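This is what each chain is made of:
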Amino acid sequence: MHGRIRTWGPGALVLLPTVLLLGYFVYGLIAWSFNTSLTDRHTARRGPADYVGFENYVNLFGEDRFLNSLKNLGVLTVAFIVGTLIFGLLWALLLEKGVTGEGIFRSIFLFPMAISMIASGVVWSWLLNPSQGDEARGLNRLFSIVGLNFLENAWWTAGSRWTTMLSIALPAIWQLSGYIMALFLAGFRGIPPELREAARVDGASEFKLYRHVLFPQLSPIALSALIILGHMSLKLFDLIYAITGPNQFRTEVPAIYMWNTLLSNDQAKAAGIAIVLLAVVAVLVIPYVAYTVRQESNE
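Residues numbered from 1 in each chain as written. Predicted model: local features only at pLDDT ≥ 70, side-chain atom pairs only at ≥ 80, totals over all residues. Heavy atoms only, no water.

The name recorded for the chain in an unreviewed UniProt entry is Sugar ABC transporter permease, from Kribbella turkmenica. Here is the UniProt Subcellular location (unreviewed entry) comment for the chain, exactly as written: "Cell membrane". Within the UniProt record for the chain, the comment given under Sequence similarities (unreviewed entry) is "Belongs to the binding-protein-dependent transport system permease family." (UniProt positions renumbered as here; feature names shortened; annotations may be inferred.)

Undergrad: What is the right way to read the overall build of the chain from this model?
TA: Within the chain, the regular secondary structure consists of 13 helices and zero strands. Sequence-ordered secondary structure for the chain, helices as α and strands as β, is α-α-α-α-α-α-α-α-α-α-α-α-α. Counting only C-alpha atoms and orienting by the principal axes, one finds that the chain spans roughly 80 × 75 × 30 Å. Counting over 299 residues, the chain shows a buried share of 35%. Accessible surface, the chain as shown: approximately 17200 Å² in total, 67% of it carbon and sulfur. Side-chain charges in the chain split into 21 positive and 19 negative, and the spacing between the mean points of these groups amounts to 4 Å. (Helix = DSSP H or I, 4+ residues; strand = E, 2+ residues; numbered from the N terminus. Buried < 20%, exposed > 50% of the residue type's maximum accessible area, 1.4 Å probe, protein only. Areas by Shrake-Rupley, 256 points an atom, 1.4 Å probe, with all protein chains shown as cover. Lys, Arg positive; Asp, Glu negative; His and termini not counted. Charge placed at Lys NZ, Arg CZ, Asp CG, Glu CD.)

Undergrad: When you look at the packing of helix 3 (residues 64-96) against helix 12 (residues 254-263) in this model, what are you seeing that I'm missing?
TA: The angle between the axes and the distance between the axes are what describe a pair of packed helices. Running from amino to carboxyl end, helix 3 crosses helix 12 at an angle of 145 degrees, the nearest separation of the two axes being 8 Å. Note on element contacts: helix 12 touches helix 3 through P254, Y257 and N260, opposite R65, F66, S69, L70 and L73. In terms of residue class, the contact of helix 3 with helix 12 is made up of five nonpolar, two polar and one charged. (Axes fitted to C-alpha atoms, helices over the stretch in contact; angles between N-to-C directions. Contact = heavy atoms within 4.5 Å. Nonpolar A, V, L, I, M, F, W, Y, C, P; charged D, E, K, R; others polar.)

Undergrad: Got a minute to help me understand the pattern of salt bridges in this structure?
TA: Pairing is possible between side chains that carry opposite charge, provided their charged atoms lie close to one another. For the structure on display, the rule yields four salt bridges. Linking E252 and R65 is a salt bridge whose minimum nitrogen-to-oxygen distance equals 2.7 Å. Placement of E252 in the loop between helix 11 (238-244) and helix 12 and of R65 in helix 3 is noted, with a sequence separation of 187 residues between them. (Salt bridge = Lys/Arg side-chain N within 4 Å of Asp/Glu carboxyl O.)

Undergrad: So what exactly am I meant to see when it comes to the layout of surface pockets here?
TA: Summary: where empty space remains is shown by rolling a probe the size of a single water molecule over the atoms. As a volume, the largest pocket reaches approximately 350 Å³. The set of elements that each furnish at least two residues to the lining of the largest pocket consists of helix 1 (2-37), helix 10 (219-234), helix 12 and helix 13 (267-298). For the lining of the largest pocket, the leading source of residues is helix 13, giving five residues. A per-class count over the lining of the largest pocket returns ten nonpolar, two polar and one charged. Taken as a whole, the second largest pocket holds about 160 Å³ of empty space. What lines the second largest pocket is simply W32, S33, F237, A255, M258, W259, L262, Q267, A270, A271 and A274. Listing elements by their share of the lining of the second largest pocket, those giving two or more residues are helix 1, helix 12 and helix 13. Residues of the lining of the second largest pocket, tallied by class, amount to nine nonpolar, two polar and no charged. (1 Å grid on protein atoms, 1.4 Å probe; cavity = no way out; pocket = protein on both sides within 12 Å on 5 of 7 lines; lining within 4 Å. Points joined across faces, edges and corners; volume = space filled by probe spheres on them.)

Shown next as structure tokens:
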């Protein structure tokens with residue numbers, strides 16, 4: 001018995017602070033939020049709250065504002081994931097072919113990741129200024145100077161839902177494409193050169209080499225990138241807040257709506273929105289974790 005304790009005891013003591021902190025600040029607060037979402041705590045009043053079950057969730061999904069925020073989030077997620085994957089893969093392909101000054105280009109592509117979302121949002125709020133004509137600012141002003149006036153537009157302040165949320169996705173794509181580039185580039189560099197040589201000996205063209213040999217090797221990385229981008233898009237808050245402010249119905253996503261709800265002291269409703277977002281993230285992450293565990297077990 002004492003021998004077993006000496007074996008796993010030191011490791012358990014090292015992990016204990018982390019387990020306690022995670023248990024309280026992650027899982028404990030998730031449980032507290034879920035419990036709050038089942039109550040009628042919709043004001044700043046103190047004292048015990050009554051339980052109303054899933055009434056808050058029923059009210060949320062019957063509310064036009066919340067449904068609008070979910071639709072905005074869906075469009076933003078699709079635009080963000082597709083745009084980031086395309087640009088990240090494109091940049092990785094360019095660097096993978098070998099270019100002069102590769103280190104400089106890698107730094108340029110990765111630099112946006114070093115900028116906080118708030119700082120990036122402040123800059124992009126100026127770049128996406130909707131003013132046009134003589135009062136144009138930001139990108140609209142640039143288009144006017146170079147004679148591309150037809151590209152001037154109102155960005156996130158007008159147009160369809162897709163136009164609005166594509167404008168919001170643009171800064172996020174700019175900021176995260178370098179990260180996806182690094183993932184794909186590492187994947188390309190990890191492919192054994194023997195595979196390339198064997199394909200070329202068999203007469204494969206460059207297109208077929210990438211289509212049938214290299215890209216299939218990147219499928220685990222592509223899946224990881226998809227999951228990472230998916231859950232990051234669900235949590236986008238500071239970037240949108242900095243660009244459009246907290247009270248823009250056109251660009252409101254559940255995270256922004258939750259913040260506004262919390263400011264009005266409606267804790268139960270805000271907790272309900274948080275739990276819905278957690279459930280959406282879990283739908284994305286849990287299958288990926290199960291797939292990863294299964295792959296590791298098979299290996």
